[in-house]
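Analysis of the macromolecular model
The chain contents come next:
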Amino acid sequence: VSTWRFVVHLSAARIVSSRSIVNGLCKVARSAFASKSLKVKVAMFKSWRVLIDVFAHQKCFDKEKSKSSIKPQKLVALLSQPMLRAGGGTSCNREPSVVVRQAVLDTWAHFLDRMDRIDEGMCKDLLCPLLVQATKDSDPLTRLKAARICADTIHDVGAARNAPGQEPPPAALSPGKP
């Protein structure tokens, strides 16, 4: 896993423009995420954040500024897959280890924090798994952590929408409207 992280750092500039490198990295990461070792899984989720940082640094999540060969919506889907498989979505206790589910949440939080802005189309894909985890996880601390990440993200999205120079929120998303 540490070698994988090193390769990501070393080839950061090329990753953004090469689907084959991304596919190769994902193939190696998939085997680490599927490992029976909790330490390997946790280490891989921490290392996954490095890949998220590479794409965030190049503004690849923003439709207008992206330098990636992968469209932002597909990139978000690709980078969120390990979290969804391990604990997000409708099967929040798929990963039996609370330690790994906590690492998943830390990676979700990191991912959401690195996004310059979250398009409305991405909100469902990014926040719904956390809301499910916040309500259905068997561990109360994991539920609380997921709820905090959701609340922080919603707050940040709202603050960005109301920042000077930003367009006002659409009527459907305005506070006080049903």
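See the structure printed just above.
Here we summarise the structure given alongside this text. Model, not experiment: these values are computed from the prediction. Every residue gets a number counted from 1 within its own chain, in the order that chain's sequence is written. Since the coordinates come from a predicted model, pLDDT governs what is reported: local features require at least 70, and pairs of side-chain atoms require 80 or more to be given and counted, while whole-chain, interface and lining totals use all residues. Where side-chain values are given, they derive from all heavy atoms of the structure, hydrogens and water being excluded.

1. Notes on the overall build of the protein chain
Summing up its helical and strand segments, the protein chain has eight helices and zero strands in all. N-terminal to C-terminal, the α/β element order of the protein chain is α-α-α-α-α-α-α-α. Burial status follows relative accessibility: with a 1.4 Å probe on protein chains alone, a residue under 20% of its type maximum counts as buried, one over 50% as exposed, and anything between as partly exposed. Among the 178 residues that make up the protein chain, the fraction classed as buried is 43%. Restricting the contact set of the protein chain to residue pairs at least 6 apart, pairs at least 24 apart contribute 63%. Put simply, DSSP H or I for four residues or longer makes a helix, DSSP E for two residues or longer makes a strand, and each gets a number counted from the N terminus. Residue contacts are defined here by distance: any two heavy atoms, one from each residue, within 4.5 Å place the two residues in contact.

2. Focus: the side chain of T142
As for its placement among the helices and strands, T142 is situated in helix α8 (residues 140-161). With near-sequence residues (within four places) excluded, T142 lies in contact with V98, R101, Q102, L105, Q133 and D137.

3. Thoughts on the state of the cysteines
Our working definition of a disulfide is a cysteine sulfur pair at a distance within 2.5 Å. Per the counting criterion, the structure on display carries zero disulfides. Just so you know, C128 is unpaired, no disulfide at all, and the nearest cysteine sulfur is the one on C150, 8.6 Å from it.

4. Side note on the packing of aromatic side chains
Pairing of aromatic side chains requires ring centres within 6.5 Å, counting the rings of Phe and Tyr and the six-membered ring of Trp. Pairs whose planes differ by under 30 degrees are stacked, by over 60 edge-to-face, and all others tilted. As enumerated under the stated definition, the model contains four aromatic pairs in all. For the ring pair F33 and W48, a centre distance of 5.5 Å and an interplane angle of 75 degrees mean the geometry is edge-to-face. A residue pair is termed long-range when its members are at least 10 positions apart, and F33 in helix α3 (residues 19-33) and W48 in helix α4 (residues 38-57) qualify at 15 residues. Judged by its relative accessible area of 16%, F33 falls in the buried class. Relative to F111, the ring of W108 has its centre 6.4 Å away and its plane inclined at 35 degrees; by these criteria the two rings are tilted. You can see W108 and its partner F111 sitting in helix α6 (residues 98-114), three residues apart, about one turn around the helix. Like W108, the residue F111 is buried in the burial classification.

5. Concerning a positive patch on the surface
There is a patch of like positive charges on the surface, built from K27, R30, R85 and R94. Mapped onto the secondary structure, R85 falls in helix α5 (residues 72-86). Residues forming no salt bridge and having over 30% relative accessible area are the ones grouped into patches, like charges within 9 Å of each other and nonpolar side chains (Val, Leu, Ile, Met, Phe, Trp, Tyr) within 5 Å. Reported accessibility uses the Shrake-Rupley method at a 1.4 Å probe radius. Residues are deemed covered only where the shown protein chains occlude them. What makes a salt bridge here is a side-chain nitrogen of Lys or Arg within 4 Å of a carboxyl oxygen of Asp or Glu, nothing more. Positive charge is attributed to Lys and Arg, negative charge to Asp and Glu, and no charge count is given to His or to the chain ends. In this description, the location of a charge corresponds to atom NZ of lysine, CZ of arginine, CG of aspartate or CD of glutamate.

6. Description of α4
For a helix, the expected span equals 1.5 Å multiplied by the residue count minus one. End to end, α4 covers 29 Å across 20 residues, agreeing with the expected 28 Å (1.5 Å per residue, within 8%). Put simply, S37 is the residue that caps the front of α4, since its side-chain oxygen is 3.4 Å from the backbone nitrogen of K39. Note on α4: the residue one or two positions beyond its end, K59, has a positive phi of about 60 degrees. Any pair of N or O atoms that falls within 3.5 Å is considered a polar contact. Within protein, one atom must be able to donate a hydrogen and the other to accept it, and sequence-neighbouring residues count only if both atoms are side-chain atoms.

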